[in-house]
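# Analysis of the macromolecular model
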Amino acid sequence: MTEMHPISTQNSTGATPGQPGRWQFWIDRGGTFTDVVGRRPETGGGFSLVTHKLLSDNPEQYRDAAVAGIRHLLGLAPGAPVTPMQVECVKMGTTVATNALLERKGEPTLLVTTQGFRDALRIAYQNRPRLFDRHIVLPELLYSRVIEAQERMGAHGNVLQPLDEGHLRERLWAAFDAGLRSVAIVFMHGYRYTDHEAAAARLAREVGFTQVSTSHQTSPMMKFVSRGDTTVVDAYLSPILRRYVDQVAAEMPGVPLFFMQSSGGLTDAHAFQGKDAILSGPAGGIVGMARTAQLAFGGQAGREPSAGAGAVRVIGFDMGGTSTDVSHFAGEFEREFETQVAGVRMRAPMMSIHTVAAGGGSILAFDGARFRVGPESAGANPGPASYRRGGPLAVTDANVMVGKIQPRHFPKVFGPQANEALSLSAVQAQFADLAAQTGRTAEDVAEGFIQIAVQQMANAIKKISVARGYDVTRYTLQCFGGAGGQHACLVADALGMSRVFVHPLAGVLSAYGMGLADQNVIREQAVELPLNAEALPQVSATLDALADAARAELVRQQSGSSPITVLRRVHVRYQGSDSALVVPWPGDDDLAPRETLGAVNASFESAYRQRFAFLMQGKGKVVEAVSVEAIVAGDAPLEPVHELQPPREVPRAETVRVYSGGRWHDAALVVREDLRPGDTIAGPAIIAEKNATTVVEPGWEAQLTALDHLVLERRVPRTITYAAGTTVDPVLLEVFNNLFMN
C-alpha cells in the first residue's frame with residue numbers, strides 16, 4: 001500500500017534536469033510485486049518520498065502495474081494520461097525481458113551464421129553440469145530458423161570466401177515470408193572483421209526485418225559461442241522490450257523514461273537493449289544497498305569510502321516473492337562480463353548476483369520422504385494459499401503459520417476487491433493436512449520448511465563470499481525485498497554473521513535504488529595482446545577510442561550538463577588459462593610505461609591471489625579485452641540525522657505468539673512508525689511496517705539509529721546443534737542434500 005517517508009534527496013544527475021514542482025517515480029516491476037517510490041515536491045521547496053506496492057499481475061484491476069502505481073500516487077483516474085507537467089522523469093527496472101527468457105516467450109528469431117556452423121550454438125561447449133544424469137534435457141533454443149551464409153573471414157582478416165549477397169538475400173526473403181522479423185547475425189571472426197556482418201545487416205534491413213542484431217555491435221568479444229548466444233538473446237528480447245517501452249511511453253507522452261541495465265546504470269528507454277535487461281530489477285537493489293550502506297557505515301553522507309580495508313562491507317540479501325538475490329559489496333560494484341542465465345551463455349556486463357529459487361512464493365511440498373522448497377513459485381496469481389486465490393502452500397504461508405507474519409499488519413491487497421488481509425484459516429487447514437501425513441505438529445512442519453529455505457539462501461551467499469575468499473563473518477547482512485526481514489536473523493545465524501542492517505525503505509529498496517543509480521554507458525572490445533611494454537600503446541589507444549564512443553553516447557542520451565566520469569579497465573588472464581580478471585587501468589597519463597605495467601600486474605596478482613589463493617609464477621599474461629564505463633553521477637541520498645532519545649519501554653501494538661527454535665514465544669509486535677531513534681527491541685519481536693516485516697529472533701536485539709535505520713545484532717551466543725542418530729528427519733534430509741549437492 002502507500003506510505004510516506006521523511007527522506008530528502010539532492011539532485012545531482014544530468015540525466016533529469018531538476019525543475020521544482022514535479023514528481024519523479026522510481027519503479028521496480030518484480031515477478032510478484034511492483035514497488036513504486038515517488039519523489040513528491042513539497043510546498044516551499046524540498047521533496048519527500050512516498051511508496052506504493054501493488055501486485056505485478058492483476059488483470060482485473062489494471063493493464064500495467066507500474067503505470068497504475070504512478071496514477072495512484074498522482075491521484076489520477078484509470079486511463080488518465082501522465083504528463084511532463086506533472087512528472088519530471090520515471091526510472092524503472094523490469095523483469096519483462098527476464099520472464100520472456102525464462103519462459104521462452106521472446107520474439108521468433110532467425111540466426112544467420114557462417115556456412116558449416118549452423119549447429120555451433122547448439123553443440124556449444126558440451127558441458128555436463130550434472131554428470132550422473134542419464135537423461136540430459138538441453139535448454140530450448142532461442143532461434144527458430146538458421147541460414148548458412150556463403151562467406152568466411154580468416155582469423156587475420158583475409159577473405160577466404162566473399163559474401164554471396166544474392167544467395168543470402170533469397171534466403172532472407174524466404175524467412176521473412178515465413179513470418180520472422182528478428183534476425184541475429186553471427187559470423188566467424190566477425191567481432192574483429194566486421195565487413196561481412198555489416199553487409200548482411202544491410203540486406204536484412206532492405207528485406208524488412210525490424211530487429212537486426214550483429215555480433216560485432218552486440219558483443220565484440222572473442223569466443224564464438226558466447227558471442228553468438230549474446231547476439232541471439234539481444235535479437236530475441238529487444239522486440240519484447242521495445243513493445244513494453246512503447247506501451248509505457250504511450251501512457252506517459254513526453255515524460256523522460258529511463259531503464260535500469262544489468263550493469264547497474266540507467267539508460268534512455270530507446271537505447272535499452274535485450275542483452276542489457278536480464279538483471280534490470282535486481283541491479284537496482286544492489287545500487288540501493290550500496291548507497292544506503294555507505295550512508296549508514298561509511299561516515300558522513302556523500303563521503304565515498306575507498307575499496308580498501310576501510311571500505312563498507314555488506315552482503316546483499318534481496319528476498320522477493322519469486323526468488324532471492326544475493327550480492328557482495330566491499331566499496332565498489334562487482335560485475336561479471338561472462339555468465340549463464342536460463343541455460344544461455346551471455347557476454348555482457350552484469351552486476352554479480354547469485355539467484356536461488358527461494359522466495360516468499362516458493363511452493364512447499366512433501367514427497368513422502370523429505371520436505372521440498374521450490375524451485376516452482378506460486379507467483380502473484382494465484383499466489384500462496386494465504387492470498388485468497390486457492391494457491392498452494394508457500395514460504396509466506398509458513399511464516400503466517402508460525403506467527404512471524406501477522407495478517408493484520410500485512411498489505412491488504414487480496415480478495416476480489418483487492419482490499420482484504422491474508423487468510424490465516426486457509427494456511428492452517430493446509431498445514432494441518434501436512435502435519436497428519438508426517439506425524440508432526442503444524443507449526444513444526446512450517447518451521448521445518450523455513451529452515452530449508454534459510455539453508456538454500458545461506459548456500460547462495462557462500463557461493464559469492466566464502467567460495468571467493470571473503471570472510472563472511474566480518475560483513476554486515478543487509479536485507480531488503482518484501483520477505484528479507486522475515487528471515488534475516490536466521491540466515492545470519494546460518495553463516496555466523498552477527499549484524500543485520502535494515503533500511504526504512506528495505507521493502508522497496510530496489511525501487512529506491514533506481515532513483516539513486518548513475519546513468520552509464522559501457523563499451524567493450526577484444527584485443528588479445530600480451531601484457532608487456534610493447535603492447536601498452538595499442539591497449540591505451542583502444543581504451544581511448546572506446547572512451548570517446550561511450551562519452552558521445554552518454555551525451556546523446558542526457559539533456560543536462562553534469563560532468564562525465566570515464567573509468568577504464570583491462571581484462572587480464574594468464575597465458576593458456578581461461579579465467580580473465582577485470583582490473584583498473586591507471587588513469588594517470590603521465591605514468592611511464594614501466595609504471596603502468598607494474599600497476600596492472602600488481603592489481604591482477606592481488607585479485608588472482610584473492611580468488612584462487614596462488615599465483616602462476618613465471619607465466620606470461622594476456623590482455624584479453626578492454627572496457628570503459630562513462631558515468632553521470634546519480635542522486636545522493638540525504639537522510640536527516642535525528643537526535644538519539646534516552647532509553648524507554650518501547651510501545652508495543654500487541655503481544656503475539658511466535659514459534660521459533662521448536663517452541664512458542666510471547667513476542668512484542670512493534671509498529672515501525674511508533675519507534676524513535678535510540679529505541680532498542682530485544683527478541684523475540686516483530687517490527688511491522690506497511691512494506692515489510694522484520695523478525696527479531698530470540699538472542700538478537702534491534703536498535704533504531706540516528707538515521708532511522710534498524711541495526712540488528714546478536715547479543716546471546718548462538719547455539720550450535722549437532723544432528724546424530726539413524727532416524728530420518730525430513731527437514732535435515734533436505735538440508736544435507738542442499739549442503740552436499742552445492
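Residues numbered from 1 in each chain as written. Predicted model: local features only at pLDDT ≥ 70, side-chain atom pairs only at ≥ 80, totals over all residues. Heavy atoms only, no water.

### Here we look at the overall build of the protein
The criterion, for reference: Helical segments are the DSSP runs of H or I of at least four residues, strand segments are the runs of E of at least two, and each set is numbered from the N terminus. Throughout, radius of gyration means the C-alpha value; the globule benchmark is 2.2 Å times the number of residues raised to the power 0.38. Only protein chains enter the accessibility calculation, which uses a 1.4 Å probe; a residue is then buried when its area is under 20% of its type maximum, exposed when over 50%, and partly exposed in between.
Of the regular secondary structure elements, the protein holds 16 helices and 37 strands. Relative to its length of 742 residues, the protein is compact, with a C-alpha radius of gyration of 26 Å against a globular reference of 27 Å. Across its three principal axes, the protein shows a C-alpha extent of roughly 80 × 65 × 60 Å. Expressed as a percentage of its 742 residues, the buried residues of the protein come to 56%.

### Things to note about the sheet that holds strand β12 (residues 211-214)
Rule in force here: Note on pairing: DSSP must find at least two bridges between two strands before they are called paired. Throughout, an axis means a line fitted to C-alpha atoms (over the contacting stretch in the case of helices), and angles, computed between N-to-C directions, take values from 0 to 180 degrees. In this analysis, two residues are considered to be in contact whenever any of their non-hydrogen atoms come within 4.5 Å of each other.
What the 4 strands build is an open sheet, ordered β8-β7-β11-β12; its pairing is parallel. Each having just a single partner strand, β8 (143-149) and β12 make up the two edges of the open sheet. Mean inter-strand twist for the sheet, computed between neighbouring axes without regard to direction, equals 20°. Contacting β7 (109-114) and β8, helix α4 (residues 165-177) crosses the sheet at an angle of about 165° to β8.

### Structural notes on the environment of Val583
With respect to the secondary-structure elements, Val583 resides in strand β28 (residues 581-584). Residues Val583 and Val570 lie 13 residues apart in sequence; the distance between their C-alpha atoms is 5.6 Å. Excluding anything up to four places from it in sequence, Val583 contacts Arg569, Val570, Val572, Val600, Ser603 and Phe604.

### Thoughts on the packing of aromatic side chains
Selection criterion: Classification of ring pairs rests on two measures: the distance between centres of Phe, Tyr or Trp rings, Trp counted by its six-membered ring, which must be within 6.5 Å, and the angle between planes, read as stacked under 30 degrees, edge-to-face over 60 and tilted in between. Note on criteria: charge over ring means Lys NZ or Arg CZ within 6 Å of the ring centre, with the direction from the centre no more than 35 degrees off the ring normal.
The tally for this structure, following the rule as stated, stands at 16 aromatic pairs. Taken together, a centroid distance of 4.4 Å and an interplanar angle of 25° make the contact between Phe371 and Phe449 stacked. Linking Phe371 in strand β23 (residues 371-377) with Phe449 in helix α11 (residues 442-464), this pair joins segments that are 78 residues apart in sequence. One exposure class covers both Phe371 and Phe449, and it is buried. Ring centres of Tyr608 and Phe612 lie 4.6 Å apart, and the angle between their planes is 45°; on these two criteria the pair is classed as tilted. Here Phe612 and Tyr608 lie together in helix α15 (residues 593-612), a separation of 4 residues that amounts to about one turn. For Tyr608, a relative accessible area of 4% puts it in the buried group. Cluster of aromatic residues (ring-pair linked, three or more members): Tyr574, Phe604, Tyr608, Phe612 and Phe614. The positively charged end of Lys53 is found above the aromatic ring belonging to Phe33, 5.3 Å away from the centroid. The ring of Tyr475 carries Arg313 above its face, with NZ or CZ at 5.9 Å from the centroid.

### A closer look at the environment of Gly75
With respect to the element layout, Gly75 can be found in the loop between α1 (65-74) and β6 (87-94). Classification of Gly75 by relative accessible area gives exposed; the value is 62%.

### Some remarks on the confidence of the model for the protein
Inclusion rule: Values of pLDDT, ranging from 0 to 100, describe the predictor's confidence in every residue of the model.
Residues with a pLDDT of 70 or more make up 91% of the protein, whose mean pLDDT is 84. Per-residue pLDDT stays below 50 along residues 8-19; that stretch engages in 48 contacts with residues further than four places along the chain or on separate chains.

### Thoughts on the packing of α11 against helix α12 (residues 484-495)
Under the convention used in this document: Each angle receives one of four descriptions, namely roughly parallel if under 35 degrees, roughly antiparallel if over 145, roughly perpendicular if within 65 to 115, and oblique otherwise. Left-handed is the label given to a crossing in which the near helix is rotated counterclockwise from the far helix by less than a right angle, and right-handed is the label when the rotation is clockwise. Only Asp, Glu, Lys and Arg are considered charged, only Ala, Val, Leu, Ile, Met, Phe, Trp, Tyr, Cys and Pro nonpolar, and every remaining residue, Gly among them, polar.
The contact between α11 and α12 brings their axes to 9 Å, and the two run at 60°. In this view, α11 runs oblique relative to α12, as classed from their interaxial angle. In terms of crossing hand, the pair formed by α11 and α12 is right-handed. Contacts from Ile450, Val454, Met457, Ala458, Ile461 and Lys462 in α11 reach His487, Leu490, Val491, Ala494 and Leu495 in α12. Each residue belonging to the contact of α11 with α12 can be placed in one class, and the counts come to 9 nonpolar, 1 polar and 1 charged.

### As for the nonpolar core
The tendency in soluble globular proteins is for nonpolar side chains to be buried as a group. How we decide: Definition of nonpolar core: a set of buried residues of the types Ala, Val, Leu, Ile, Met, Phe, Trp, Tyr and Cys, connected through side-chain atoms within 4.5 Å.
Formed by 155 residues in total, the largest nonpolar core has its most connected members in Phe25, Val90, Phe431 and Leu477. Among the elements that take part in this core, α11 stands out by supplying 13 residues, more than any other. Sequence-distant contacts of Phe25, defined by excluding residues within four places in its chain, comprise Val36, Val37, Gly38, Ile70, Leu73, Leu74, Val87, Cys89, Val90 and Lys91. Judged by nonpolar contacts, the second largest core, of 29 residues, contains Leu543, Tyr574, Val628 and Ala630.

### Digging into the pairing of strand β36 (residues 700-704)
Burial along β36 is one-sided: Trp700, Ala702 and Leu704 are buried, and none of Glu701 and Gln703, which face the opposite way, are. As paired strands, strand β33 (residues 680-682) and β36 are joined by 3 bridges and run antiparallel to one another. For Ile681, the partnering residue across the bridge sits in β36 and is Ala702. Two strands pair when backbone bridges link them, and β36 and strand β37 (residues 710-714) are joined in this way by 5 bridges, in the antiparallel orientation. Its bridge partner being in β37, Gln703 is matched across the sheet by Val711. In sequence, β36 turns back onto β37 through a hairpin of 5 residues, with Asp708 there showing a positive phi of about 70°.

### Structural notes on the environment of Phe117
By the secondary structure assignment, Phe117 is in the loop between β7 and α3 (120-123). The spacing of Phe117 and Ile147 is 30 residues in sequence and 9.8 Å in space, taken between C-alpha atoms. Not counting residues within four places of it along the chain, the set of residues in contact with Phe117 comprises Glu148, Arg152, Met188 and Phe224.

### Some details on the side chain of Thr214
To be explicit about the condition: Whenever a nitrogen or oxygen atom comes within 3.5 Å of another N or O atom, the pair is scored as a polar contact, on the condition that within protein one atom can donate a hydrogen and the other can accept it, and that pairs from neighbouring residues in sequence are kept only if both atoms are in side chains.
As for its position among the elements, Thr214 is in strand β12. The exposure class assigned to Thr214 is buried, which follows from its relative accessible area of 1%. Polar side-chain contacts of Thr214 include one of 2.9 Å to the side chain of Gln217. What Thr214 contacts, discounting residues up to four positions off in sequence, is Ile185, Glu197, Ala201 and Thr231.

### Structural notes on unusual backbone geometry
Here the phi dihedral of His189 falls at roughly 60°; this positive angle occurs in a residue that is not glycine. For His189, the position within the fold is in the loop between β11 (182-186) and α5 (195-207). Notably, Lys223 is not glycine yet its phi reads approximately 85°, a positive angle. In this fold, Lys223 is placed in the loop between α6 (215-218) and α7 (224-250).

### Describing the pattern of salt bridges
Note the cut-off: By definition here, a salt bridge exists when the distance from a side-chain nitrogen of Lys or Arg to a carboxyl oxygen of Asp or Glu is within 4 Å.
Per the stated rule, a full pass over the model turns up 38 salt bridges. Between Arg29 and Asp64 there is a salt bridge; the shortest N-O distance is 3.6 Å. Of this pair, Arg29 sits in strand β3 (residues 23-29) while Asp64 is found in the loop between β5 (47-55) and α1, placing the two residues 35 residues apart along the sequence. The pair formed by Arg29 and Asp64 is uniform in burial state, with each residue classed as buried. Here Arg347 and Glu624 are joined by a salt bridge, their closest N and O atoms 3.4 Å apart. One end of the pair, Arg347, is in the loop between β19 (344-346) and β20 (350-351); the other, Glu624, is in strand β29 (residues 621-632), with 277 residues separating them in the sequence. Overall, the relative accessible area of 9% leaves Glu624 in the buried class. One continuous salt-bridge network, built from bridges that share partners, spans Lys223, Glu338, Arg347, Glu528, Arg573, Asp578 and Glu624.

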